[in-house]
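Topology and contacts: notes
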Amino acid sequence: MICLGIEGTAHSVGVGVVKEDNTKCKVMSNLIKTYMPEQGGIHPREAANHHALHIADLIKESVKEAKIDFSDIDLVSFSRGPGLGPCLRTAATAARALSLSLEKPIMGVNHCIAHLEIGPGTLDGCDDPVLLYTSGANTQVIAFAEGRYRVFGETLDIGIGNCLDKFGRSVGLEFPAGPKIEKLAIKGKKYLELPYSIKGMDIAFSGLLTAAEQYYKKGEKLEDICYSIQETTFAALTEVTERAMAHTEKDQVLLGGGVAANSRLRDMVNTMAKERNASFFVPSKDLCVDNGAMIAWLGVIMYNSGIRMEIKDSVIDQRFRTDMVDVIWRD
Amino acid sequence: MTEKVIYQGAEAKICISKYMGFDVIQKRRLKKSYRLKEIDEKLISCRTREEAKLIIEARQYGVPVPIIYDVDLKDGIITMEYLKGKRVKDILNDLKEPERKELCIKIGKSIARFHNNDIIHGDITTSNMILVGDKVHFIDFGLGEKNNEIETKGVDLHVLMEAIDSAHSKYSNCFKYVIEGYKKELKDDANKVIKKIEDVVKRGRYR
C-alpha cells in the first residue's frame, strides 16, 4: 500500500509518500516547507496562507520524488489535529481535494500519535516505546496502555520549544531559537539556579522562562543562561519520562518532535535509558519534526486495521487529544 | 548492614533494613547521572527534607503515617517504621460492600485531616495506603507540598479519583464514600473542593 500524507498543524506544511513494506514503513519522499515569520511568533492566518501557497507544488514534487504516478496512491492521509485551526483546514482541504480527484480513500489522523508510530514504523527493535514528544506547542510523555495512547505527563503551561523560542525572542535570538541556544549552551560553564517544576508527572516551564529572562537583565552571560536552561528543563523532561517508564514497566524510550534534534536532550535520555537497561530510539531528523511521512504512515496503520473515514467526517479537530483515539491496531 | 530492596521506583528504592536492632523501612533516593551534580544534589536533599517534614506534620494532626526515625539529607535517606500490613489496593476489591464503604469513609476523613492543615499528599492512590489493624496509614509523601489553595486540594483528590477508576473500576462508588468521609471532617466547605475536581477533569489539554 502506498499512502500520501499531508501535515499542516502549525508552522510547517509537509507532504510525504510512504510504502508499507512487510509491516515496516518505507519513506519514498518527505518534503517540508516552513513558514518563517518576519518577527514574533506564528500568526495562524499567515501560516495558513503560506501553506496554501505551497501545498499543491509540494504534493506534485513529493509524488515525483517518490518516483510514482498519482494513480499509484492507495490512500490520502492528513493530520486532523491538534493544531492551529486555519493551518489544519488548509491541509485537510488539500487532502479532500486529492482524495476526491484520485477517487481514493481519505484518513484523518492524530498528529501526536503519528509522532509515536513513526518510531516503530522505521526503527528496528522499537515496538512499544514510551514517547517523549517535545516540540514548540507540545510536550507530552505518551505510551500505550489499555487500548489507548495515554498521556502520562505533559506540560501544564507552554511547550518546551515555545519556552526556548520565547526566551530566544526576549534576548534577540531569531526563531527558531532552540538550535542557537544549544550552540551557546556548549560554551556555558556556570550553572545558574532555575525553577525545576514537576507536579506529579506533569511539568511547567513558564516560571523558569521568567527567571531566565531576569538573569539576562541582571547581566549574566547568555552562554551560562542557555546552559542552565537546557540542563534544568531537559533534566525535568528526562525525569518525567523515566517515571512513565517505571509506571508502565516499558523498557523502550523514543524521542519525537523538533526539540528531539537537541544533542544534550538526546544524551540525557540515553543515559537514563542505559541506567534502566532500556533501549533508546530516535528517528531521523526529518521524521522527528512535523512531516507528511509520519502522517501517511499512521494513515496506513489505521486503514489496515479496518478503520475507514468518509469525506463528510473528515473534519479537523483543533483540540484532538492523544487519548481520544481508540487504538485498535495494538493489543 | 543487611538490606533488602522491596521496591524500586524511578526516583527511589525502598529497602528493609535494621535500625537500632529492629526492622525499619528506608527510602533511599537515587542519584541520577543524567543531570548536573548541582541539580541532583539539591533535588535529593530538598525532596528528602520536604517529605520527612510532611510525614511528621501529618502525624501531629492525627493522620496514621509511619514513624520517622532518622533523616539523612546528604544521601537522601529516610529511615522509618516498617508497617506490617496490607496495601489497600490489594484488599479493597475483596472486601464486603459495608466494610469497603467504612474503609473509604475513613480514608476520606484522613485526607480531610491533612487538607485541613494545608498538607498536600501529591500522590493519593490506594497503593500508597497500608492497612494495619483498623488503621489506614498513608505512605510516600514524595510528591507532597504545603499549600492552602482549594485548587491544589482538588488536584490532590483528583489523583485518587483516577486511581480508583483504574485499579478499582468495578467499585467506582468508592470515591463517593471517600468524599462522604472527607465532607464530614473538612473544616472548609468541601463543596468548593469538589467543584475544583470537576474543573480539573475538564481542564486537561485540548479538552
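Residues numbered from 1 in each chain as written. Chains lettered and ligands numbered in written order. Predicted model: local features only at pLDDT ≥ 70, side-chain atom pairs only at ≥ 80, totals over all residues.

Residues and elements named next belong to chain B. Across the sheet, which stays open at both edges, the 3 strands sit in the order 6-8-9 with antiparallel pairing between neighbours. Both edges of this open sheet fall to strand 6 (86-87) and strand 9 (135-138), since each of them pairs with a single strand only. In the sheet, strand 6 pairs with strand 8 (residues 129-132) via 2 bridges, with the strands oriented antiparallel. By the bridge assignment, Arg87 is partnered in strand 8 with Ile130. Of the strands in this sheet, strand 8 and strand 9 are in contact with helix 3 (residues 97-116), which crosses strand 9 at around 45°. (Pairing = 2+ DSSP bridges. Helix = DSSP H or I, 4+ residues; strand = E, 2+ residues; numbered from the N terminus. Contact = placed C-beta atoms within 7 Å. Axes fitted to C-alpha atoms, helices over the stretch in contact; angles between N-to-C directions.)

Quick look at the confidence of the model for chain B now. Residue-level pLDDT values for chain B average 92, and 97% of them are 70 or greater. Here the predicted complex scores 0.88 on pTM and 0.87 on ipTM. (pLDDT = per-residue confidence, 0-100.)

Moving on, we get to the nonpolar core. Counting 112 residues, the largest nonpolar core has Val18, Ala91, Ala95, Ile142, Ala296, Trp297 and Leu298 of chain A as the members making the most contacts within it. A total of 11 residues in this core trace back to one element, the largest contributor, which is helix 7 (residues 222-248) of chain A. Split by domain, this core shows at least three residues from each of two domains, domain 1 (2-117 + 287-324) and domain 2 (127-282) of chain A. Setting aside its immediate chain neighbours within four residues, Val18 of chain A contacts Cys3, Gly5, Cys25, Lys26, Val27, Met28, Ala293, Ala296, Trp297 and Val300 of chain A. Within the second largest apolar cluster, 39 residues are counted, among which are Ala112, Ile120, Phe141 and Leu157 of chain B. (Core = buried A, V, L, I, M, F, W, Y, C linked by C-beta atoms within 7 Å. Buried ≥ 20, exposed ≤ 12 C-beta atoms within 10 Å, placed from the backbone. Domains from an automatic or database assignment.)

Residues and elements named next belong to chain B. Pairing analysis gives 4 bridges linking strand 8 to strand 9, with the strands arranged antiparallel. What sits directly across from Ile130, in strand 9, is His137. In this antiparallel pair of consecutive strands, strand 8 and strand 9, the connection spans 2 residues, and Gly133 shows a positive phi of 60°.

What follows is about the packing of helix 5 (residues 178-186) of chain A against helix 7 of chain A. Residue and element names in this part refer to chain A. The geometry of helix 5 relative to helix 7 is characterised by a closest axis approach of 7 Å and an angle of 110° between their N-to-C directions. One finds that helix 5 runs roughly perpendicular with respect to helix 7. Between helix 5, through Ile181, Leu184 and Ala185, and helix 7, the contact on the second element is made entirely by Leu222, Glu223, Cys226, Tyr227, Ile229 and Gln230. For the contact of helix 5 with helix 7, the residue count by class is 7 nonpolar, 1 polar and 1 charged. (Parallel < 35°, antiparallel > 145°, perpendicular 65-115°, else oblique. Nonpolar A, V, L, I, M, F, W, Y, C, P; charged D, E, K, R; others polar.)

All names here are of chain B. Considered domain by domain, chain B is made up of domain 1 (3-81) and domain 2 (86-203). One C-alpha centre belongs to domain 1, the other to domain 2; they are set 23 Å apart. Taken together, the 13 residues of domain 1 in the interface contact 13 residues of domain 2. Residue composition of the side of domain 1 that touches domain 2, grouped by class: 8 nonpolar, 1 polar and 4 charged.

To continue, consider the sheet that holds strand 2 (residues 12-21) of chain A. Residue and element names in this part refer to chain A. With respect to topology, 5 strands assemble into an open sheet ordered 3-2-1-4-5, the strand pairing being mixed. Across the chains shown, the open sheet's two edge strands, defined by having one partner strand only, are strand 3 (24-34) and strand 5 (106-110). Across the sheet, the mean angle separating the axes of adjacent strands is 25° when strand polarity is ignored. Relative to strand 2, strand 1 (residues 2-7) runs antiparallel, the two being bridged by 6 bridges. Among the inter-strand pairings, Ile2 is bridged to a residue of strand 2, identified as Lys19. Sheet strands in contact with helix 1 (residues 44-65) are strand 1, strand 2 and strand 3, and its direction is about 25° off that of strand 2. Of the strands in this sheet, strand 1, strand 2, strand 3, strand 4 (75-81) and strand 5 are in contact with helix 10 (residues 292-304), which crosses strand 1 at around 130°.

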